[in-house]
Amino acid sequence: MRPTSALLLSAASKAAAPASSRSYTRHTVAKALSIAASSSPRSSPPPRSALTKPGRSYASHSPSSLSSPPLVQTTTLPNGVRVATESTPGHFSAVGVYVDAGSRFERPWVAGESGVSHLLDRMAFKSTSNRSSEQMTGEIEKLGGQVMCSSSRETIMYQSSMFNQDLPAVLSILADTIQHPLILPEELNQQREAAAYEISEIWNKPEMILPELLHMTAYKNNTLGNPLLCPMESLEQMTVENLQGFIKEWYKPERIVVAGAGMPHEELVGLTGELFGKARAQETVLDSPSASASSAGSSSGRSSRSSSSASSLWASPFSTTAKTPASHAPGQPSLAEIATAKARYTGGDLYLPRPDLPFTHIYIAFEGVSIHDDDIYALAVLQILLGGGSSFSAGGPGKGMYSRLYNVLNTQHAVDYIAAFLHSYNDSALFGIAAACEPRFTPQIASVIAQQLELCTGAGGGRHTLTGSGGVTRAELARARNQLKSSLMMALESRLVEVEDLGRQVQVHGTKVGVEEMCEKIDRVDLEVLQRVARRVLRPQQAGGGKMLNHGLGSGQTTVVAQGHLEGLGDVREMLFRRGLGAKPTTIA
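- Per an unreviewed UniProt entry, the protein goes by the name LuxS/MPP-like metallohydrolase and belongs to Jaminaea rosea.
- Annotation of the protein in UniProt includes, under Function (unreviewed entry), the sentence "Substrate recognition and binding subunit of the essential mitochondrial processing protease (MPP), which cleaves the mitochondrial sequence off newly imported precursors proteins."

Quick notes on the sheet that holds strand E11 (residues 388-390)
Alright, step 1. Spatially, E9-E14-E10-E13-E12-E11 is the arrangement adopted by the six strands of the open sheet, whose pairing is mixed. The outermost strands of the open sheet, each flanked by one partner alone, are strand E9 (348-353) and E11. Looking at each pair of strands side by side, their axes are set apart by 15 degrees on average, direction ignored.
Alright, step 2. Sheet contacts for helix H11 (residues 376-386): E11, strand E12 (415-424) and strand E13 (429-437); angle to E12, the most-contacted strand, approximately 170 degrees.

Digging into the pattern of salt bridges
Alright, step 1. The tally for this structure, following the rule as stated, stands at 21 salt bridges.
Alright, step 2. Salt-bridge contacts for Arg107 lead to Glu113; the nearest nitrogen and oxygen are separated by 2.9 Å.
Alright, step 3. By relative accessible area, Glu113 is classed as buried at 4%.
Alright, step 4. For Lys485, the salt bridge goes to Asp523, with nearest N and O atoms at 2.8 Å. Placement of the pair is Lys485 in helix H14 (residues 474-491) and Asp523 in helix H16 (residues 515-523), with a sequence separation of 38 residues.
Alright, step 5. Taken together, the salt bridges that share partners define one network made up of Asp373, Asp375, Arg532 and Arg536.

Examining the packing of H14 against H16
Alright, step 1. Interhelical geometry of H14 versus H16 gives an angle of 170 degrees and a closest axis separation of 10 Å. In this view, H14 runs roughly antiparallel relative to H16, as classed from their interaxial angle. In this structure, H14 contributes Arg481, Leu484, Lys485, Leu488 and Met489 to the contact, and H16 contributes Val515, Met518, Cys519, Ile522 and Asp523.
Alright, step 2. Its residues placed into classes, the contact of H14 with H16 shows seven nonpolar, no polar and three charged.

A closer look at the nonpolar core
Alright, step 1. Counting 78 residues, the largest nonpolar core has Phe125, Tyr158 and Tyr251 as the members making the most contacts within it.
Alright, step 2. In terms of domain composition, this core takes at least three residues from each of domain 1 (6-16 + 342-579) and domain 2 (80-277).
Alright, step 3. Here Tyr158 is in contact with Val95, Gly96, Val97, Val99, Ala124, Phe125, Met148, Cys149, Leu174, Thr177, Ile178 and Tyr251, once residues within four sequence places are set aside.

So, the environment of Leu119
Alright, step 1. Within the secondary structure, Leu119 sits in helix H2 (residues 116-123).
Alright, step 2. Here Leu119 falls in the buried class, since its relative accessible area comes to 0%.
Alright, step 3. When residues no more than four places from it in sequence are discounted, the contact partners of Leu119 are Leu188, Gln191, Arg192, Ala195, Cys230, Leu235, Met238 and Leu243.

So, the pairing of strand E10 (residues 360-367)
Alright, step 1. Within E10, eight of the eight residues are buried, which leaves the element mostly enclosed by the surrounding structure.
Alright, step 2. Side chains Thr360, Ile362, Ile364 and Phe366 project from E10 onto one buried face, and the interleaved His361, Tyr363, Ala365 and Glu367 project onto a second face that is buried too.
Alright, step 3. Relative to E13, E10 runs antiparallel, the two sharing eight bridges. Residue pairing for E13: Thr360 is matched across the bridge by Cys437.
Alright, step 4. Pairing between E10 and strand E14 (residues 559-564): five bridges, direction antiparallel. When the sheet's bridge partners are listed, Ile362 is paired in E14 with Ala562.

A few points about the confidence of the model for the protein
Alright, step 1. In the predicted model, the protein carries a mean pLDDT of 82, and 75% of its residues have values of at least 70.
Alright, step 2. Overall, residues 17-57 carries pLDDT values under 50, and its contacts beyond four positions in sequence, including any with other chains, amount to 131 contacts.
Alright, step 3. Within the model, the stretch residues 63-67 combines pLDDT values under 50 with two contacts to residues more than four positions away or in other chains.

Observations regarding helix H17 (residues 527-538)
Alright, step 1. Across its 12 residues, H17 extends 16 Å between first and last C-alpha, which sits within 8% of the 16 Å expected from 1.5 Å per residue.
Alright, step 2. All of the buried residues in H17 are Leu527, Leu530, Val533, Ala534, Arg536, Val537 and Leu538.
Alright, step 3. Buried residues belonging to H17 abut E10, H11, E13, helix H13 (442-456) and H14.
Alright, step 4. For H17, the N-terminal cap is Asp526; the gap from its side-chain oxygen to the backbone nitrogen of Glu528 is 3.3 Å.

Quick word on H13
Alright, step 1. Burial analysis of H13 places 11 of its 15 residues in the buried class, the great majority of the element.
Alright, step 2. Taken as a whole, H13 has its buried residues at Thr442, Ile445, Ala446, Val448, Ile449, Ala450, Gln452, Leu453, Glu454, Leu455 and Cys456.

Thoughts on the environment of Gly564
Alright, step 1. Summarising the element assignment, Gly564 is placed in strand E14.
Alright, step 2. Taking the C-alpha atoms as reference points, Gly564 and Pro358, separated by 206 residues in sequence, lie 7.6 Å from one another.
Alright, step 3. Filtering out sequence-adjacent residues up to four positions away, Gly564 remains in contact with Leu352, Pro353, Arg354, Pro355, Leu357, Phe359 and Thr360.

Quick notes on the packing of aromatic side chains
Given two aromatic rings, one states the distance between the centres and the angle between the planes to describe the pair.
Alright, step 1. Enumeration over the complete set of coordinates arrives at six aromatic pairs.
Alright, step 2. Plain terms: the ring middles of Phe92 and Phe163 are 4.9 Å apart, the flat faces sit at 25 degrees to each other, and that makes the pair stacked. Linking Phe92 in strand E5 (residues 92-99) with Phe163 in strand E7 (residues 156-163), this pair joins segments that are 71 residues apart in sequence.
Alright, step 3. By relative accessible area, which is 43% here, Phe92 ends up partly exposed.
Alright, step 4. Given a relative accessible area of 41%, Phe163 falls into the partly exposed group.
Alright, step 5. Chaining the aromatic ring pairs together yields one cluster made of Phe105, Phe246 and Trp250.
Alright, step 6. Positioned above the aromatic ring of Phe105 is the side chain of Arg104, whose terminal nitrogen or guanidinium carbon lies 6.0 Å from the ring centre.
Alright, step 7. Against the face of Phe105 rests Arg255, its NZ or CZ located 5.1 Å from the ring centre.

Digging into the side chain of Glu113
Alright, step 1. Summarising the element assignment, Glu113 is placed in the loop between E5 and H2.
Alright, step 2. Setting aside residues up to four positions removed in sequence, Glu113 forms contacts with Phe105, Glu106, Arg107, Ser234, Asn242 and Phe246.

Some details on the pairing of strand E6 (residues 147-151)
Alright, step 1. Across the five residues of E6, four count as buried, placing the element largely inside the fold.
Alright, step 2. Where E6 lies against E7, five bridges are found, and the strand directions are antiparallel. Bridged to Cys149 within E7 is Tyr158.
Alright, step 3. Linking two consecutive strands that pair antiparallel, namely E6 and E7, is a turn of four residues.

About the thresholds
Residues numbered from 1 in each chain as written. Predicted model: local features only at pLDDT ≥ 70, side-chain atom pairs only at ≥ 80, totals over all residues. Heavy atoms only, no water. UniProt positions renumbered as here; feature names shortened; annotations may be inferred. Pairing = 2+ DSSP bridges. Helix = DSSP H or I, 4+ residues; strand = E, 2+ residues; numbered from the N terminus. Axes fitted to C-alpha atoms, helices over the stretch in contact; angles between N-to-C directions. Contact = heavy atoms within 4.5 Å. Salt bridge = Lys/Arg side-chain N within 4 Å of Asp/Glu carboxyl O. Buried < 20%, exposed > 50% of the residue type's maximum accessible area, 1.4 Å probe, protein only. Parallel < 35°, antiparallel > 145°, perpendicular 65-115°, else oblique. Nonpolar A, V, L, I, M, F, W, Y, C, P; charged D, E, K, R; others polar. Core = buried A, V, L, I, M, F, W, Y, C linked by side-chain atoms within 4.5 Å. Domains from an automatic or database assignment. pLDDT = per-residue confidence, 0-100. Expected span 1.5 Å × (residues − 1). Polar contact = N/O pair within 3.5 Å; in protein donor to acceptor, adjacent residues only side chain to side chain. Phe/Tyr/Trp six-rings, centres within 6.5 Å; stacked < 30°, edge-to-face > 60°. Lys NZ or Arg CZ within 6 Å of the ring centre and 35° of its normal.

Printed below as a string of C-alpha cells:
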C-alpha cells in the first residue's frame, strides 16, 4: 500500500478558499483533521528488519539505502509505540504524539463521556504526577511556548516546534501530560467554565456550529456523528473519572505514534523508548476502523425532515442524561466493537429558523470517498475547482477568484459566501457546498448550488464561460491541479505541518509517501476521471443507491442543514433528488 500525504485534503481546503473565507476552525476545540487517501487497497505492512541497540531491540522499517540514511524511517518499540522521523535539516525541529482516539470512539450513552475528547484537549499541559501546573507552564514558556494539543473525530494530537537541542525537554513534557495527568477536580472545573463559554459562543456563530450539526445529521447516532463539541448537558455531568477512563481505554501504546522532523532517527527512538517504553501493550488490540474489515451492526430508520430544534441530535438514542455506568452496558457495543465500527452515513436534514440572523446559511453534503479510496485525488481536485469564498475576499491570484463558485459571487450579489468543502475520514467523507445569502435570495440558493453540482458531473454540456454556465474545461482542471500541488508543497515548508503529515500518515497507513508521488497522481486526474468521480459521489443512485461507496453502509441520500430565514427554501433534498442528485429521501438508511 502506498498512502498519500496527510495534507491533500487540508491543502485542498486552503487552496479552494480565499484568505477571508469562513471555515470551522478551533481554538480549544480540535480542527476537523482530514487525511489524504491511499493509492491502493489496504494490504499487509512491509517486512521489518531488527534494529538492535544496547539493551533494547526494536522493529524498524525504512527504504533501503547504501550511501546515506533514508529521509523517512519508522521503528516499532516492543510495546507497540511507533516512532517515525523525517530527517530534513534545519535550525528548528518539530515533534508530535498522535493518539488513535477522538470523538468517534466516545460512548454517548455513558453519562459525562460525550465530548470528553474536547475536554481532554483543554486539560492538556495541566498538573501531572511529575509537574505542577505552574511548573508545566514555566517549562513550556522557557522553551518558547510552541506547544499545542488538539482533538478531532479520529485523533488527539500533541505537538511542538523547538530548537534542535530542546527535543528531550519537549518530548518529556508531551509524555508527561499524556501518560501522567492528575486531572485535578479544580482544574477540570476551571476548564468546564471556559468550555461552557466557548460552546455558547460557537452556537451563536452559524459558520462554526453548522459543520458540527452537519456531521451529526449525516451520521446520525453513530461514529462520525458523535459530537466533537461537548454537549452542555454532558459538560455538566463530566467527572474526573470520565476523563481518566477514556485515557485508560484508548491511550494504549499500540494506538500511539511519535513523529519527528529534523532530528536523527536514533535519537527520537531512544528518547521515546525511555519516556513511552514502559507503557504496557494491551493483550487484545483495539483496531481502528481502517484496519478492520468487519463492520459494526447498524440501526436502521427512515430519514425525514427534522424539526426546527437541534436538541434531539445531542440525545436519543444515546442520551447523555442516562445514568449508565462506564462499564460495558447490556445492549451497547463493547470497546472492541466501537474501535472497529464503520461509519454509517445516514443522510438527513435539519432546519433551524433564526429570523434574527442577517443571512440564510445552508450546507448541502453527499457522502464522499474515504482516505483509502483511489478517487480521493479527483475529489480533492474537484473541491479546488469549485473553490469559492466570501464576497469580502481581497481577491487576487491564488485567492479563489477564478474558481467556479467565486463566479457565483460575481453574478449573484445577494450571495455573501459560497464554497466547496471536503471532510475525509478513515471510512467515509462529506463533500458538498456551503453558502450564506440575503433572505430575499433564500428561495433560489439551493437551486444555484444544485446547478453547480450538476455541471461537475458532465450534465449541461456546452463550453465553459466566465459565468460558470457550462461544463468543466481542461483549462479549469489544469488550474485546479496546479493549485492543489502548489498548496501541498508550500504547506510542507512548515515544520509543524510536516510532522503532523508524517505522524498522521504513519498512524493511518503505517508509512508515508512523498509529495512527488502525490503530484504525479494528481496529474492523472483528467476530465473523464473527474466527471466519473463526481457522478459516483453526487449521483449514487446510478451506482446502486450508494452501495459502491466505502463499505456500502451509506444511504446515498443528501444531507441538508440550514439556519436563518427559511421561508421559501422548501424541501431541498426532494428538489435535489428530482434533479438526479442523491438517493430518494425516503430510502431506508
